[in-house]
Amino acid sequence: MIEITINGRTVAAKDGDTVLKTAREHGIPIPHLCFHPALKPSGACRLCGVETGPDSGKKMVMLSCILKVKPGLEIRTESDLVAAHRQKAFDRLLSMAPNSVRIRELAEQFNVPVVPKSDGCIRCRLCVRVCNDIIGAGAIAMVKTETGSQVGPGDGTCIGCGTCANLCPTQFITVQDQDNVRTVCIGDQVLSRLPLERCEACGSRYATAQFLAHVDDNTGDHVHARQGHRFCPACTKMMSSRARTENEHLRK
Ligand code: SF4
């Protein structure tokens, strides 16, 4: 047995043991994730950094899962140097696993501030702007939260046009057509669930009644709107190109 000092306290350590093992045996907390007693230490997570060196001498941070005890070794598990090292180590791990609950809980336990959990939204507000400024539905808004703001339901009613999902650069907003129903979601939250109407030509379900009514209200006297027909984009395209060919034929 030898003696080392951890946070000013003299503790007994087995010759050949690491600082992390010794600290664990004495109930002294040091964060770590990649250590397992059945495996050789690798230092991969870098969380277990401790400050070494005498109080009045040169100090440095070393990984306690690798550092072996030796007589007279002085260790600090909490210091400005250790805090800076831990911050870097937690930031690095969260850049690789941003939603890891275990890493976040460990950071909280050691009072290390970390970036808020990623929800997949980059707050570009494209969805909010298009729904308000172009569609005029006002169905999406920025909602204040404890940590800032997030996209959520607005005061208006979603008509299921899908424009927000088409513009969303991260696919945080999604539109799914299934069983003749269109579902618009903000992340995991369902914003609207609306039945789909049939195309009068091919019979496929292609748009919500609310969206078609919105188009009617906003196309006024346009010649195609006056005809009152409802065709899906594929049929509309096919009919337009057929009409164009016929016109060209007649002109010849
Ligand atoms: S699908 Fe709904 S929320 Fe999205 S732009 Fe259209 S009306 Fe707005």
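Refer to the structure presented above.
Residues numbered from 1 in each chain as written. Predicted model: local features only at pLDDT ≥ 70, side-chain atom pairs only at ≥ 80, totals over all residues. Heavy atoms only, no water.

**Q** Just checking my understanding: could you explain unusual backbone geometry for this structure?
**A** Across the chain, the bulk of peptide bonds are trans and the bulk of non-glycine residues have phi less than zero. In the Ramachandran plot, R125 falls in the positive-phi region, its phi being about 70 degrees despite a non-glycine side chain. With respect to the helices and strands, the residue R125 is situated in the loop between α3 (101-109) and α4 (126-135). With relative accessibility at 35%, the residue R125 sits in the partly exposed group. Its identity is not glycine, yet N180 carries a phi of approximately 65 degrees, on the positive side. Within the secondary structure, N180 is located in the loop between β8 (173-178) and β9 (181-186). Since its relative accessible area comes to 39%, N180 is described here as partly exposed. (Helix = DSSP H or I, 4+ residues; strand = E, 2+ residues; numbered from the N terminus. Buried < 20%, exposed > 50% of the residue type's maximum accessible area, 1.4 Å probe, protein only.)

**Q** Got a minute to help me understand the state of the cysteines in this structure?
**A** Disulfide: a covalent bond connecting the sulfur atoms of a pair of cysteines. Summed over the entire model, instances satisfying the criterion amount to zero disulfides. Unpaired in this structure, C199 has its nearest cysteine sulfur neighbour in C202, at a distance of 3.7 Å. (Disulfide = S-S within 2.5 Å.)

**Q** What exactly am I supposed to notice about the pairing of strand β2 (residues 9-13) here?
**A** Walk down a regular strand and you will see the side chains alternate between the two sheet faces. Summarising the sheet, strand β1 (residues 2-6) and β2 pair through five bridges and their orientation is antiparallel. Within β2, the position partnered with I4 by the bridge is V11. Counted between consecutive antiparallel strands, the loop separating β1 from β2 contains two residues, among which N7 sits at a positive phi close to 55 degrees. (Pairing = 2+ DSSP bridges.)

Any link to function would need more than the numbers given here.
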